Structures are given as structure tokens and as C-alpha cells.
Amino acid sequence: MELPLAKLEEWMRRYYHAVDHDIGSSGVRDLTVGELCHIAGFDLAELADLPFHDSEPLGGRNLRAALADRWTGGDSERVMVTHGSSEAIWLVMQTLVRPGDDVIVVDPAYQQLHDIAVARGCRLRRWDLSSGDGFAADTDRLRKLVAAERPRMIVVNFPHNPTGITITREQQDELIEIAAAAGAWLVWDNAFGELTYEGDTLPLPHDRYARSLSFGTFSKSYGLAGIRTGWCLAPPEMLTEMAYLRDYVALYVSPVLEFFAERAVRNADRIVAMQRAHAGQNRELLLAWAGEHPGRVRLTPPAGGVSALVELRGVQDVTEVCRRLAEEYRTLLIPGECFGDAYRSHVRLGFGGTRAELTAGLANLDVLLKS
């Protein structure tokens, strides 16, 4: 299995730790250990009696129970704890698809959502979110793709990374109906699922469609990227298969990380509400900035998450702009080519960090664009 270069991760590896201002990442501002202790009402002294012992293959039972209470009505048999959603994606793709399978993936998308399947010999079909339509999700277009290919799997994430657009509950129901008619697995990436600005959050699809699975992370909406913890919801028999594969790689998630993750998920409503309020203010700042540059930038207001796919008009080499911004202005911005060649005129602009770094980062981008 030959994997292509993960372009986004390569860019992050090169610049993420070498800048002062981050307006490229797709997560909310980081919480400190002290902030999490205060929000969740616990003391680090509780760690004193925690033994450095193995956790369980599907995750510690306390964290699985907490995740089940939040997502599955208490059914922890459907829950697996993973190393971020990245491990969940890897395990799902290794378990569910085989060479020759057709896989439909929303486009643009996080590269790992499709290239692992491609490396396994699958045929990729893209469900395009057209920038000319404000990246609106056209379910009629998806229906035609499914009718033509009868795919093994349909992979989506809403609210969407990198555009921030989302779909309605009615569109979600239609998506489930389309997948069911084809007998396809519906893979629901819920990384941004809890962070929306317009309307209610979308429910996970498992209660309405048996051939569905979901995964999420504590990085995007919680501000806990450093604990590298995520989750996957799937039929128990599939989680068992994923655990067999995991025996060759990671075995389990550290119980120390699970300690913090459990307390976060038990206080998720408080954490997400705080991060949503913060990100919402930054979103208004971003939209005001875009309104001041109508001939230079174009974006669709993000309905969820903390990123937007912004077109830089009149710029011949957007990747070079991002490189100069990082190296000369110490500001991180992600070139659109990390999400595919069709987006070379765009950048992913993240607004989840501190207000100070968003303000400074946009100011630096202004200076560079004017020059």
C-alpha cells in the first residue's frame, strides 16, 4: 500500500511550530490544564492514584461510558476510543473497503478521508461542493453519483472542513435515504458536529441507519488537541475487527489521556458553549474583514466549525503567498492545494484561535497582499 504525501500535514509539519500567529488551523483555541480543571471541577491530585497500567483495547470503560451517555443513549458496546479521529479514519478504511470498491467522498475534504481508500485500491468518486454555489451540498448530484456507481461507502463531514458549510436535517435524512438505497456504508465525520452558529446541531445517523458509523475528536470543538483522543461509533462487530487491526499498531489509548478526556466529555456542554461563543465573535471579525476587501477576497460565511475556504482574487500563486506569510510574517495560513488542485486559488483560513492572533494574522495577510 503506497500512500501519497499528506499535503496538509506536511505543511503543518513545516510551519505550525515556526510561527507566532495561527490563522490556518481548524480547531478552537487551546484550553490549559488549569482551565479544564476549573470547568470540569476536578483537581490534578486525582491523578495521584492512577496506576500506569494498560487501558482496554476499545478504550477505558469510564470514558466509553461517558461517550455512550453523550452519543448512544448509554450503549457503550458501540463506542471505541481512538488516538484522535485520525486513527479512527485509518481503522475504518482498513476494515471496511477492499480493492475495486467505489468510494464517494465529499470534495474538498481532509485528505485522509479519501487517499487511504485510494491507496487500498478503491475507485474514488468526488461529490463536489462547488465554490460557484457557495459550496452548497447538492444532494441531487450525489444521487446521480450513487446511481451510476453503487458505492461501497459514502464519506461526509458536516459542518464541513475546510469550508464551514453544513446541511439541514432534511438534507441529512435525504443523504441517509440515498445511502440506504444503495446499501452503502455512510461514514459521518463529526469533527465539527457540536460547533454550529445557525440552527441546531445535526444528530448522528446511527439511530436511523444501521450501516453507518461516526467518529469525532476532542481537538476541533473542545480545544484539547494535545490529548490526542477521539472516538468511533460503529456496530460492535466492526469495532471488534478494528481492534484486531489495532493490535498491530497502537493497542490502546493512554489511561492518563483518557482521564482528561472523560472529564471533558462529562462537561462537554459547558466547554462547547464557551468555545462557540469565542469562535462566534471571531467569525464576526473575519466576516467584517472580508467585507472590507470585496475585490480581493471571497468567502462563504461558515455555518459551523472554525474555518473558511477563502478565494484570494488576483493572486497568481497562492501557495507562495502562504509560504511568504509563514517565513516572513510568522503567520500560518493553509494553501488550498492541500485540499486538491481545484482549490489552488483558495486558502483555508482558521478563526478559532485567540482574537489577538486572528487580528494580527489578518493584518499581516493584508500587508502581504497589498505588496
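Residues numbered from 1 in each chain as written. Predicted model: local features only at pLDDT ≥ 70, side-chain atom pairs only at ≥ 80, totals over all residues. Heavy atoms only, no water.

Caption draft 1: Molecular detail of helix H8 (residues 236-246). When H8 is considered as a whole, its buried residues turn out to be Met 238, Leu 239, Met 242, Ala 243 and Arg 246. Viewed along the axis of H8, the buried residues span an arc of 145°, placing them on a single side of the element. Away from its buried face by more than 90 degrees, H8 exposes Glu 237 and Tyr 244. At its buried positions, H8 is contacted by strand S2 (79-82), helix H4 (84-96), strand S6 (185-189), strand S7 (212-217) and strand S8 (230-233). (Buried < 20%, exposed > 50% of the residue type's maximum accessible area, 1.4 Å probe, protein only. Helix = DSSP H or I, 4+ residues; strand = E, 2+ residues; numbered from the N terminus. Arc of directions from axis to C-beta. Contact = heavy atoms within 4.5 Å.)

Caption draft 2: Highlighting the sheet that holds strand S10 (residues 307-312). Strands sit in the order S9-S10-S13-S12 across an open sheet of four strands; the sheet is antiparallel. In this open sheet, the two strands that pair with only one neighbour each are strand S9 (297-298) and strand S12 (334-335). (Pairing = 2+ DSSP bridges.)

Caption draft 3: Just the environment of Pro 302, in detail. Within the secondary structure, Pro 302 is located in the loop between S9 and S10. For the pair Pro 302 and Glu 56, spaced 246 residues apart in sequence, the C-alpha separation works out to 38 Å. Ignoring anything within four residues of it in the chain, the contact list for Pro 302 reads Thr 163, Gly 164, Tyr 197, Arg 283, Leu 287, Ser 307, Ala 308 and Phe 351.

Caption draft 4: View of the sheet that holds strand S3 (residues 102-107). Ordered by their spatial adjacency, seven strands build an open sheet running S2-S8-S7-S6-S5-S3-S4, and the pairing between neighbours is mixed. Every interior strand has two partners, whereas the edge strands, S2 and strand S4 (123-128), have only one. Neighbouring strand axes in the sheet, compared pairwise and without regard to direction, differ in orientation by 20° on average. Pairing between S3 and strand S5 (residues 153-157): three bridges, direction parallel. Within S5, the residue paired with Val 103 across the bridge is Met 153. Contacts from helix H3 (residues 61-71) reach S2 and S8 within the one sheet, and its direction differs from that of S2 by about 120°. (Axes fitted to C-alpha atoms, helices over the stretch in contact; angles between N-to-C directions.)

That's the geometry; what it means functionally is another story.
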